[in-house]
Structures are given as C-alpha cells and as structure tokens.
Amino acid sequence: MSAEKTVSLESSYIKCEVSTEGSYKITDKVTGISWCSNPYIKRLGTATIKMKDKTLYFSLNKFEIHKTDRSIQMKYSPDKEEIMLTINVKLLDDEKTLEFSYEIEEELEVENIRLLEDGLWLTDAEDGYIIVPVREGLLIPSNSGRTFIHTFETFSYEGCHMEMLGIVKKKSAILITWHDPYVIAEVKSTLNSVAVQAKQILSLSLDLRKTAKAFRITFLGEGDYVAIARAYREIAKKKGWFMSWKQKIKEVPNAAKLIGASNFKLWSCLDRRLDYKMNEKSVTVNWTFEEVAKIAEHLKKDLKIEKALFIIGGWIHKGYDNQHPDILPAAPECGGNKALAEASKRVKNLGYLFCLHDNYQDIYRDSPSWSEDLIMKGPDGQLIKGGFWAGGQAWLICSKMGLELAKRPQNLPKVKELFNPNAYFNDTTFATGLYECYDPKHPLTKWNDMRWKQELCNYTISLFGVFGSECGREWAISCSHFFEGLAGVGGRYYHALNPESMGAHVIPLFEMVYRNCIAVYGKYEYDYSRAAEYVIHHIIIGRPLHYHTWNRGLYWEKESKDEPQGWPYDSSCFIRADNGWAEGLCMIDRFIKNTHEVLSPLHDITAETVITEHEYLTPD
Ligand SMILES: [Zn+2]
C-alpha cells in the first residue's frame with residue numbers, strides 16, 4: 001500500500017482537495033464552509049460494470065492522481081481488477097463550479113456509477129437542508145430526527161422535476177446540476193451514526209447511468225434556497241428550455257387567456273366502466289354537451305368568472321379513458337359531434353379557453369386500433385402495461401407511435417375540423433417518467449422518448465394553440481402552456497410522496513425558477529369543505545385553483561343554498577358566504593367564487609413576477 005496523497009485545485013472562490021483514496025474536501029472560501037466526501041466509507045463512490053457476462057462491483061478507493069492547472073484526473077487503479085476508469089474534476093470558467101465526470105473504456109458496459117456517494121453531507125447541528133424540485137419543491141431539513149432513504153429519479157413521477165438539487169449548510173449554499181434523464185438522486189438521513197459526532201447526518205448520492213456521465217457543483221457563497229433557485233434559473237436559460245410568457249404569447253396569442261384563469265374540469269362527460277375481464281359494468285352520462293355549455297355560461301353569467309380554462313374529459317366516443325386512441329365520433333350519449341361543436345362555440349364565445357382532454361399514451365385491447373405493433377416493449381420484448389383505468393387494463397403506446405396516431409386524419413386533424421377547440425390537453429405526457437422501448441421497429445432511449453413527447457406537444461400546439469398536460473416537467477416548459485398537477489394533488493401537496501416521513505415541507509422552488517413561463521395548477525378532485533390549507537397554499541404560490549369536483553348535470557339547480565352550520569373559522573371557511581359576494585349560491589359555487597376572486601387577480605398581477613425573496617412570517 002502506498003501512502004495516501006492529496007492534491008488540490010484552487011480558485012479565488014474555492015479550494016478542492018482530493019486524496020488518492022478517493023476522499024475529498026471542497027472549501028467555499030467565501031464562507032469558510034467545507035463540503036466533504038462519504039463520512040461512512042473512505043472512498044469517492046462505486047461502480048457497477050458488466051464484463052463478459054458478469055456484473056462486477058467496484059469500490060472507488062484507489063487512484064493515481066494527475067493535476068493540471070484547472071483539473072484533476074483520477075485514474076482508478078485497484079490492486080486486482082484492471083479497468084480503465086478515469087474521474088475528471090474540472091474547474092469551470094466561473095471559478096466557483098466544479099464538474100465531475102468519468103471516462104471508461106468503450107467495451108465496458110456501465111450499469112451504474114455513483115460518483116457522488118453520501119457526499120456534501122451536513123449534520124443536525126449545522127442548521128441546513130437539501131432542496132428537491134419535486135412538484136412545487138421540497139425542503140428536507142437536517143434536524144428532523146427522521147431516518148430515511150428516498151430516491152428522486154430525474155423526470156419520473158414525484159422525482160426530480162428539474163435537473164438540480166441544492167444544499168444549504170450554515171448559510172453556505174451549493175447547487176448541484178446535471179443535464180441527462182439517466183441521473184437518479186438519493187437523499188439519505190441517518191441517526192446517531194458513529195461516523196460523525198452528530199445526532200443526524202443528511203447526505204446526497206447521484207447515480208449516473210447510460211448517457212449520464214457528469215454533474216456539476218456550484219459553490220454560491222452565502223445564500224439560501226432562493227439564491228440556489230436564482231443560480232439555477234440562469235442555467236435553465238442557457239439550456240434552452242426556458243421560455244417566458246412574453247415569447248409564448250407572441251407565438252400563441254390565446255395563451256394570454258391563461259393569465260389569471262382558473263382551471264374548471266368536467267372529468268367524465270361519459271363515464272363507462274369496465275372490469276378486469278373487459279366486461280362493461282356501467283355507463284353513465286354525467287353531462288351532455290348541451291349541459292357542458294350551460295355550466296360554462298352559468299360560471300360566466302351567474303358567478304361572473306371572467307377567466308377560465310374550461311376542460312372536458314369523457315367526450316370521446318366510448319367515454320373517459322376508454323378505447324384510446326379511437327376518439328371519434330364524440331360520445332353519442334352526450335349529443336355526438338354536432339352538440340360538441342355547438343358547445344365548443346358557446347364556451348369560446350364566453351372568452352374562455354375550451355379544452356378537450358385526450359391521451360396518446362394509453363391503448364386498450366378493445367380499441368379498434370389495437371395492435372401489438374404500437375405498444376412499448378421491454379428488454380425481453382414483452383408488452384408494457386399501463387394503469388388500470390375506467391376502460392380496463394391500459395397498455396402503453398410507444399411515444400413515437402403515439403405521435404403518428406395523433407396525426408392520423410381521424411384524430412387531431414378531425415377534432416380541429418369538427419370542434420375547433422382553442423386549447424388541448426394530452427393526458428399523462430409529462431406525468432409518467434421517460435420510458436425506454438426495446439421494440440426493434442421503434443426503439444427508444446429516455447432521450448428519444450422526451451423528443452417524441454415534445455414533438456407531440458408541438459404538433460398539438462400547431463393545431464389548437466394553447467396546450468397542457470399532466471403534472472409538469474422542466475423539459476416541457478418550452479412546448480406547453482399549462483401544467484395540471486404541479487401545484488398539488490387532490491387537496492394535498494403530493495400524491496404518493498409523504499413529506500412528513502422526511503420531516504420536510506413544501507417551498508415554491510418551481511416558482512422561483514420558471515414562474516413567468518407557464519400556468520400551473522393542481523389536479524384531481526378534493527373536498528371543498530375541508531380545503532382551507534390547500535387554498536392558502538395556492539394563495540402563497542399565487543396560482544389559481546383547479547375545480548374538478550362537481551355533481552352530475554346542472555349541479556346548482558339541485559343543490560341546497562343553505563350556509564353550513566357550526567364554527568366558521570375552520571377548514572370549511574372557503575365554502576361560507578357570510579353576506580359576501582357568494583351569498584345565495586350553492587356550496588360548490590360559493591367555494592369557486594370565494595377562491596377565484598382572490599386567486600385570479602393575484603395571478604393576474606404576479607404571473608410575470610420573479611420571486612426574489614421568501615420568508616416565513618411566523619415560526620410555525
Ligand atoms: Zn417503441
């Protein structure tokens with residue numbers, strides 16, 4: 001064993017010291033705070049590599065180091081196995097960013113390289129946190145007393161929705177960025193570890209797979225999550241995904257209608273349910289197309305809602321989430337093509353965006369266009385299953401084929417000709433993670449999947465103008481106008497993710513980076529009578545609400561207009577009129593009126609405002 005040696009790389013902002021055993025210490029010279037490698041095992045990270053039918057695991061703890069003026073090359077040199085793996089640490093031109101990357105001999109297939117392994121850690125005593133761009137943003141403090149490991153895959157459902165993470169330790173801030181969908185971040189918290197004298201250690205790992213070969217760390221000096229977001233905003237602009245309202249409205253003037261618009265969605269005009277054997281269980285008409293128009297007119301005339309994104313689902317031939325991609329003719333039970341064309345005209349006449357809900361990711365075995373050729377294939381050629389929805393078991397259409405289906409004369413071109421909606425919604429496009437497809441006729445990497453999905457968005461925009469999809473991802477900012485689901489899910493902040501389990505809370509990180517680029521809503525139904533916290537969350541982020549909860553038919557004609565009884569200052573407060581502007585309306589309408597009249601003007605005046613500061617007014 002040769003003795004451990006250390007070399008260092010220094011600029012006026014940082015000093016990076018790396019040892020031949022793979023450990024490192026990077027000091028932010030502005031704040032004097034140091035960031036260190038794995039506290040549990042002395043090494044840089046690990047590599048999992050396939051060699052001649054076997055998978056080998058390497059502990060990256062022995063290097064030959066060569067230093068140049070602005071970089072350090074770390075050549076992996078273990079005692080037994082011979083693999084050519086070099087880690088490069090490079091100081092970038094701003095003098096405060098380090099890029100970590102690797103090179104490996106071409107014949108070797110890398111399964112996973114963990115270059116950042118439990119690195120950049122901080123303790124409970126250091127008063128800090130890690131921020132993660134999942135939906136609006138999550139702040140995970142280092143003193144929660146919770147133990148956990150949570151992975152955030154780039155662009156997956158409730159993973160990293162932007163290609164970044166941030167850490168603050170004793171008011172010293174760093175930004176970690178990458179530009180590849182094959183990066184998986186892991187945040188780990190351990191308690192009472194013997195490795196470091198601390199009650200809690202919070203650390204970060206990054207797994208690089210396939211095309212992911214690098215990440216960057218920028219040392220921002222003194223700062224908080226607002227400083228991290230500001231720094232990332234500049235990187236986002238350079239990546240080309242940043243597109244402001246000004247640019248978008250120039251290209252699609254109707255996009256201006258989204259500023260201050262609430263999201264009203266009648267999910268299932270026609271609701272047809274199948275069981276797991278694809279037998280029909282029920283067919284229900286919730287709203288005819290005539291009723292659709294009347295509801296929009298009611299919102300405009302009786303509630304005086306000026307700005308609305310009015311979406312309907314279940315208008316397609318067999319009802320909501322049934323027999324995609326065979327959408328036409330429009331559901332005969334609801335009035336068919338003629339009635340839908342009439343509804344479209346009437347809703348647009350109100351000055352609203354009239355938006356149709358569609359889907360080019362799911363197909364069903366009873367769809368007339370069903371063909372195994374369209375379906376995504378796994379590595380062994382097996383068909384990839386989607387979720388189980390109203391129309392039964394869905395299968396995933398390869399996104400390359402999805403675009404072709406959307407372009408068929410009987411799909412979007414015909415919808416344009418028949419109904420001419422001025423907005424469109426393709427479900428799941430942004431929500432699901434990026435996929436790989438192994439069908440030799442239409443193979444996909446995650447990059448290809450992103451590209452075909454972006455093409456679908458741009459094609460839809462070319463026909464209808466305003467376009468949106470579910471949840472929202474950074475790669476979709478430049479090819480859509482609204483995200484439905486980023487702000488919340490069914491009255492809560494997240495869907496499956498439980499912030500409590502990490503002692504974490506929500507921060508408006510997304511707003512600090514992309515606020516002036518896109519309309520953002522929550523998704524799914526929620527209980528208006530218990531929605532106070534959800535409403536306040538929307539006031540804090542300055543985003544209009546989504547109204548997805550209705551009763552069948554012309555709901556306001558049947559509903560009671562009585563005020564709720566009992567204590568008025570609880571989670572039901574937004575369904576009360578109390579002599580206010582919602583007096584005499586039914587419960588649903590009272591909630592809509594009370595909240596829209598606050599949130600719509602709020603978004604109107606702040607849609608193009610960039611957040612430059614964020615603070616808590618009370619300690620709790
Ligand atoms: Zn494919």
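What this report covers is the structure whose coordinates are included nearby. (Residues numbered from 1 in each chain as written. Predicted model: local features only at pLDDT ≥ 70, side-chain atom pairs only at ≥ 80, totals over all residues. Heavy atoms only, no water.)

Section: the sheet that holds strand 24 (residues 353-358)
Strands sit in the order 32-30-29-28-24-23-20-33 across an open sheet of eight strands; the sheet is parallel. Looking at the sheet topology across the chains shown, the edges are occupied by strand 32 (519-523) and strand 33 (546-547). Direction of pairing for strand 20 (residues 262-266) relative to strand 33: parallel, over a ladder of two bridges. The residue bridging Phe 264 from the neighbouring strand is Tyr 547, located in strand 33. (Pairing = 2+ DSSP bridges. Helix = DSSP H or I, 4+ residues; strand = E, 2+ residues; numbered from the N terminus.)

Looking at the coordination of the zinc ion
For the zinc ion, the full set of protein donor atoms is Cys 398 (SG), Cys 437 (SG), His 442 (O) and His 442 (ND1), and the range of their distances to it is 2.0 to 2.3 Å. Mapped onto the polypeptide sequence, the residues donating to the zinc ion form the spacing pattern C-x38-C-x4-H. Residue Cys 398 is found in the loop between strand 27 (392-396) and helix 5 (399-407), and its partner His 442 is found in the loop between strand 28 (423-426) and helix 7 (446-464); the two are separated by 44 residues along the sequence. Judged by relative accessible area, which is 0%, Cys 398 ranks as buried. Residue class for His 442 comes out buried when judged on its relative accessible area of 3%. (Donors = N, O, S within 2.8 Å, 3.2 Å for Na, K, Ca; no water. Buried < 20%, exposed > 50% of the residue type's maximum accessible area, 1.4 Å probe, protein only.)

Focus on the packing of aromatic side chains
Applying the stated criterion to the full structure yields 29 aromatic pairs. Pairing Phe 264 with Trp 550 gives two aromatic rings, centres 6.3 Å apart and planes at 40°, and the pair type is tilted. On the criterion of sequence distance, the pair formed by Phe 264 in strand 20 and Trp 550 in the loop between strand 33 and helix 10 (555-558) is long-range, its members being 286 residues apart. For the pair formed by Phe 264 and Trp 550, the shared burial category is buried. Ring centres of Trp 315 and Phe 419 lie 6.0 Å apart, and the angle between their planes is 80°; this geometry places the pair in the edge-to-face category. (Phe/Tyr/Trp six-rings, centres within 6.5 Å; stacked < 30°, edge-to-face > 60°.)

Things to note about empty space enclosed by the protein
Rolled over the atoms, a probe with the dimensions of a water molecule shows which regions are left empty. A complete count under the given rule lists one cavity of 30 Å³ or more for this structure. Roughly 80 Å³ of volume is contained in the largest cavity. If you go around the largest cavity, the residues you meet are Tyr 360, Gln 361, Ser 399, Gly 402, Leu 403, Asp 427, Thr 428, Thr 429, Trp 452, Lys 453 and Leu 456. Of all the elements in the fold, those that place two or more residues in the lining of the largest cavity are helix 5 and helix 7. Residues of the lining of the largest cavity, tallied by class, amount to four nonpolar, five polar and two charged. (1 Å grid on protein atoms, 1.4 Å probe; cavity = no way out; pocket = protein on both sides within 12 Å on 5 of 7 lines; lining within 4 Å. Points joined across faces, edges and corners; volume = space filled by probe spheres on them. Nonpolar A, V, L, I, M, F, W, Y, C, P; charged D, E, K, R; others polar.)

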